[in-house]
Structure formats: C-alpha cells, structure tokens
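Tertiary structure, described
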Amino acid sequence: MQEIAQDLVHKTNIPAVRDQVTLLEAVAGEEWWRDVTVPMLEHMRRSLRGLVRLVDDKAKRRVVYTEFDDELGPVTEQELRGVPQGTDEERFGRRPAPTCSPTRTSPPYTSSIPTSRSPLST
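Attention now moves to the packing of aromatic side chains. How two aromatic rings sit relative to each other is given by the distance of their centres and the angle of their planes. Counted according to the given criterion, the structure contains one aromatic pair. Look at W32 and W33: their rings are 4.9 Å apart centre to centre, the planes differ by 80 degrees, and that puts the pair in the edge-to-face class. In this structure W33 comes out as partly exposed when scored by relative accessible area, which is 27%.

Looking now at the side chain of K11. Assignment of secondary structure puts K11 in the loop between α1 (2-9) and α2 (15-19). On the accessibility criterion, K11 (16% relative accessible area) is buried. Within polar-contact distance, the side chain of K11 engages the backbone oxygen of L54 at 2.6 Å. In this structure, K11 is in contact with V17, L54, V55 and D56, ignoring residues within four places of it in sequence.

What follows concerns the environment of L23. With respect to the secondary-structure elements, L23 resides in helix α3 (residues 21-28). In this structure L23 comes out as buried when scored by relative accessible area, which is 14%. C-alpha of L23 to C-alpha of V9: the two residues are 14 residues apart in sequence and 9.4 Å apart in space. Discounting residues that sit within four places of it in the chain, L23 has contacts with W32, H43, M44, S47 and L48.

This paragraph deals with α1. What sets the pattern is the α-helix's 3.6 residues per turn: residues three or four places apart point alike. All of the buried residues in α1 are A5, L8 and V9. Summarising the axial view, the buried residues of α1 lie within an arc of 105 degrees, below the 170-degree limit, and thus occupy one face. On its buried side, α1 packs onto α2 and α3.

A contiguous patch of negative charge, built from E67, D69, D70 and E71, is present on the exposed surface. Residue position: D70 is located in the loop between α4 (38-48) and α5 (89-92).

Here we come to the pattern of salt bridges. Here the structure, examined in full by the defined rule, presents three salt bridges. The salt bridge involving K11 is made with D7; its shortest N-O contact spans 3.4 Å. Three or more residues are tied together by salt bridges with common partners; here these are E42, R45 and R46.

Calculation rules
- Residues numbered from 1 in each chain as written.
- Predicted model: local features only at pLDDT ≥ 70, side-chain atom pairs only at ≥ 80, totals over all residues.
- Heavy atoms only, no water.
- Phe/Tyr/Trp six-rings, centres within 6.5 Å; stacked < 30°, edge-to-face > 60°.
- Buried < 20%, exposed > 50% of the residue type's maximum accessible area, 1.4 Å probe, protein only.
- Helix = DSSP H or I, 4+ residues; strand = E, 2+ residues; numbered from the N terminus.
- Polar contact = N/O pair within 3.5 Å; in protein donor to acceptor, adjacent residues only side chain to side chain.
- Contact = heavy atoms within 4.5 Å.
- Arc of directions from axis to C-beta.
- Patch = residues over 30% accessible without salt bridge, like charges linked within 9 Å, V, L, I, M, F, W, Y side chains within 5 Å.
- Areas by Shrake-Rupley, 256 points an atom, 1.4 Å probe, with all protein chains shown as cover.
- Salt bridge = Lys/Arg side-chain N within 4 Å of Asp/Glu carboxyl O.
- Lys, Arg positive; Asp, Glu negative; His and termini not counted.
- Charge placed at Lys NZ, Arg CZ, Asp CG, Glu CD.

Read these as geometric descriptors, not functional statements.
In structure tokens:
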C-alpha cells in the first residue's frame, strides 16, 4: 500500500489524487503505519480505492507469451431453467413496431447572426 500511495503522490495533477494528497503522503510514510487501527485502515481503503486504477505499473509488468490451441468439443443445446425467453410483455408491456420517419424536407439550418458587422453606436 505504501508503494501505491508513493506512486499516486506524484500525480497531483489529477484532481481526485490532489484531494487525497495529505492521506497519500501519510500512508506512503512509515509513521502512519505505527499503531494503525482498523478504523484508520477502513478510512484509507474507502478514500483511496477509486485511485488505485491510476497507478502506473506498466514498467513493472512482465510480458508473458502463451500458445494455446482451442479445442472445442461437440456442440450441444442446453435448456436454461429459470431464465425467461424473449420479452416479458405482461411485466414490461409490448413495444410498438419501429416506424420509418420521412426524409427531412426542411431547409438546412440558417443562422440569425448577421454576416457583416455594422459599427456600434455609443
């Protein structure tokens, strides 16, 4: 958690991180962890859980190459029990069939802003 906080402290250009910078600096240090309590940990977890996705761990990732052969077995049809099929018209009502709208025949949008400027009178 200290490494995550330390990484986030350097991203104060992100508003969500900037809002939590005091907590991040504390969590990144050693002193905060002395005599830490469960309520402190819960507060930290709730405050920082949305920021974890901002951690840049791409440099730490290892490349893994795989080579799998997909083997499909025979296709079988299965009945899904307890799952309604189609639309529940009694519950949601019947949707009307879509209608085609006629082609637009109105003139294109015109602006009411004058194209030439006249001197302003004072």
